[in-house]
Amino acid sequence: MSLTPFTKQQLLPQEEKLEVYRHKSELFIGIPKETSYQERRICLTPDAVNSLTSHGHKVMIESGAGLSSSYTDKEFSDAGATITKDTKKVLSCPMILKVEPLTMEEIALVNNNTIVISAIQLKTRKKEYFEALSKKKVTALAFEYIKDEDGSYPAVKSLSEIAGTASVLIAAELMINNQFGKGLLLGNITGVPPTDVVILGAGTVGEFAAKTALGLGANVKVFDNSITKLRRLQNNLNQRIFTSTIQPKSLLKALRRCDVAIGAMRGKERCPVVVTETMVEHMKKGAVIVDVSIDTGGCFETSEVTTHESPTFIKNNIIHYCVPNIPSRYSKTASLSISNIITPYLLQIAEDGGIESAIRCNKGLKNGVYLYHGILTNKAIGDWFNLPDNDINLIVF
């Protein structure tokens, strides 16, 4: 018999030990009132709350949290939620849902090992934010990072669809003849030349801006440096429109003639400035610029951040609209959209028996995790803030 490091007992066939599946877990979700400036959305609609409570989960909502999306406390309590005025109580729930990231004051009130699901808005975060969450051993997921089966980011896409559609409607409003508008109707009226719209960027925002402008009968020109994106846009629109790569000469020609210019470019760190101040000077007096990419810096050199309260300014005789958070203006639509994306994930987390198992089973959800029990698991954030990060696949498998 050959020598072996194993005992006879160890060499005998062993019975297979399978992982014991966790039972369904009950969620206890807290939704605090949004405190950050101009945020009017809420993560769950009464219908979504109803769907969760009928599955046996608990939802606690701070009184008045839904008012700015025109949902009353009564609608939420009828749907099965507990309503409270006590912010501390809401923030002590084991799972917290929020549209905007938690503030430092709110982080101080959450319990250890809480699960937080919210947007992250990386560009506005500070290092302290991650350190404070990490101290509390929080597991945090960001809407923007959650992926779908096809590899796209559903939350980002939905809000881009809203922003794209809205940009054209906002431009149409700004063109009416008050103080400065040209008094043009955005559309195509028999015997009148159609309104000219130039769109920079052929992503989701650009596509929905183009759809809306075409629907109103405008003449649309789309510029983007990616031929693939332009081709996809053409195919999604079911009609041929003017598309071009971004070349100063043809862009300038289009801008000189247009009534509306919409900026919908994206960049890695900051959005590229595609339209210089000189180009803006050449535009028609009273034309409208809507810079949707202002939250990453804007793609018109003349853009400056404005607010929902005073959304426009006039520079070089051009009306500029540069509000960073356009979907918040349509808070009910945006809330419905966020709610529809997040509710199935919540039900899935419960079905899988808690967040740990859910992350294991769902790659797209795992992609949304940027803190796992206080450990930073997102490389982009680690690089951006110079914080040590770990690969989540080495922690959860």
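Structural data are supplied above this passage.
Position labels on residues start from 1 in each chain and follow its written sequence. In keeping with the predicted nature of the model, local features appear solely for residues at pLDDT of at least 70, side-chain atom pairs appear and are counted solely at 80 or more, and the whole-chain, interface and lining totals rest on all residues. The side-chain quantities take in all heavy atoms of the structure and omit both hydrogens and water.

Thoughts on empty space enclosed by the protein
- A cavity, in this analysis, means grid points on a 1 Å lattice covering only the protein atoms where a 1.4 Å probe fits yet has no way out; a pocket is instead an open set bounded by protein on both sides within 12 Å along at least five of seven lines, and a residue lines either one if it has an atom within 4 Å of a point. Grid points are joined across faces, edges and corners, and a volume is the space filled by probe spheres set on the points. All told, the structure shown has 2 cavities of 30 Å³ or more when counted by the stated rule.
- Quantified by volume, the largest cavity comes out at close to 50 Å³.
- Surrounding the largest cavity, Phe143, Ala155, Ser158, Leu159, Ser337, Ile338 and Ile341 form its lining.
- At the level of elements, α7 (154-174) and α12 (331-351) are the ones that each hand at least two residues to the lining of the largest cavity.
- Split into classes, the residues belonging to the lining of the largest cavity amount to 5 nonpolar, 2 polar and no charged.
- The space that makes up the second largest cavity amounts to roughly 30 Å³.
- As for the second largest cavity, its lining consists of Phe143, Ile146, Pro154, Ala155, Ile341 and Ile342.
- Elements with a contribution of two residues or more to the lining of the second largest cavity: α7 and α12.
- The residue classification treats Ala, Val, Leu, Ile, Met, Phe, Trp, Tyr, Cys and Pro as nonpolar and Asp, Glu, Lys and Arg as charged. All others, Gly included, are polar. Grouping the amino acids of the lining of the second largest cavity by side-chain chemistry returns 6 nonpolar, no polar and no charged. Secondary structure is summarised from DSSP: a helix means a run of H or I of at least four residues, a strand means a run of E of at least two, and numbering begins at the N terminus for each.

Side note on the packing of aromatic side chains
- Any two rings among Phe, Tyr and Trp, with Trp reduced to its six-membered ring, count as a pair given centres within 6.5 Å; such a pair is stacked if its planes are under 30 degrees apart, edge-to-face if over 60, and tilted if neither. Counted under the stated rule, the structure contains 5 aromatic pairs.
- Centroid distance tyrosine 71 to phenylalanine 76: 6.0 Å. Interplanar angle 65°. Geometry classified as edge-to-face. Here tyrosine 71 matches phenylalanine 76 in class, with each residue buried.
- Here a set of aromatic residues connected by ring pairs shows up, and it is made of Tyr129, Phe130, Tyr370 and Phe385.
- For a ring to carry a charge above it, either NZ of a lysine or CZ of an arginine must fall within 6 Å of the ring centroid while also lying within 35 degrees of the normal to the ring plane. The lysine or arginine in question, arginine 125, covers the ring of tyrosine 129, its NZ or CZ lying 4.7 Å from the ring centre. Whether a residue is buried, partly exposed or exposed follows from its accessible area with a 1.4 Å probe, protein chains only, as a fraction of its type maximum: under 20%, in between, or over 50%, in that order.

Focus: a nonpolar patch on the surface
- A cluster of nonpolar side chains, namely Leu185, Ile189 and Val192, defines an oily patch on the protein surface of about 280 Å² accessible area.
- Note that leucine 185 resides in the loop between α7 and β7 (196-200). A patch consists of residues whose relative accessible area exceeds 30% and which take part in no salt bridge; residues with like charges are grouped when within 9 Å of each other, and nonpolar side chains (Val, Leu, Ile, Met, Phe, Trp, Tyr) when within 5 Å. Residue burial considers only the protein chains on display, and all accessible areas are found by Shrake-Rupley using a 1.4 Å probe. Salt bridges are defined as contacts in which a side-chain nitrogen from Lys or Arg sits within 4 Å of a carboxyl oxygen from Asp or Glu.

Let's talk about the side chain of serine 69
- Looking at where serine 69 falls in the secondary structure, it is placed in the loop between β2 (58-62) and α3 (73-78).
- For serine 69, a relative accessible area of 0% puts it in the buried group.
- Looking at serine 69, its side chain comes within polar contact range of the main-chain oxygen of arginine 40, at 2.7 Å.
- Any two residues having at least one pair of non-hydrogen atoms within 4.5 Å are treated as being in contact. For serine 69, the residues in contact, after removing those within four places along its chain, are Arg40, Arg41, Ile42, Ser331, Lys332 and Ser335. N or O atoms closer than or at 3.5 Å make up a polar contact, with two conditions inside protein: a donor-capable atom paired with an acceptor-capable one, and, for residues adjacent in sequence, both atoms drawn from side chains.

Some details on the environment of glutamate 207
- Considering the arrangement of structural elements, one finds glutamate 207 in helix α8 (residues 204-215).
- For glutamate 207, a relative accessible area of 8% corresponds to the buried category.
- The sequence separation of glutamate 207 and glutamine 234 amounts to 27 residues, and the corresponding C-alpha distance is 8.9 Å.
- Discounting chain neighbours no more than four positions away, the residues touching glutamate 207 are Leu233, Asn236 and Leu237.

Section: the layout of surface pockets
- Considered as a void within the structure, the second largest pocket measures approximately 200 Å³ in volume.
- If you trace the second largest pocket, you find 16 residues lining it, with Leu27, Pro94, Ile115, Gly354 and Ile355 closest to the centre.
- In the lining of the second largest pocket, the residues fall into 7 nonpolar, 6 polar and 3 charged.

Observations regarding the sheet that holds β7
- In short, DSSP must find at least two bridges between two strands for them to pair. Taken in spatial order, the 7 strands make up an open sheet running β9-β8-β7-β10-β11-β13-β12, and their pairing is mixed. Among the strands making up the open sheet, the edge pair consists of β9 (242-244) and β12 (312-315). Shown here is a sheet whose adjacent strand axes are inclined to one another by a mean of 20°, direction ignored.
- The pairing of strand β10 (residues 260-263) with strand β11 (residues 288-291) spans 4 bridges and is parallel. From the neighbouring strand, isoleucine 262 faces β11, where its bridge partner is valine 290.
- Angles here are taken between N-to-C directions and fall from 0 to 180 degrees, while the axes themselves are lines fitted to C-alpha atoms, restricted in helices to the stretch in contact. Each of β10, β11, β12 and β13 (318-321) touches α7; the most contacted strand, β11, lies at about 150° to it.

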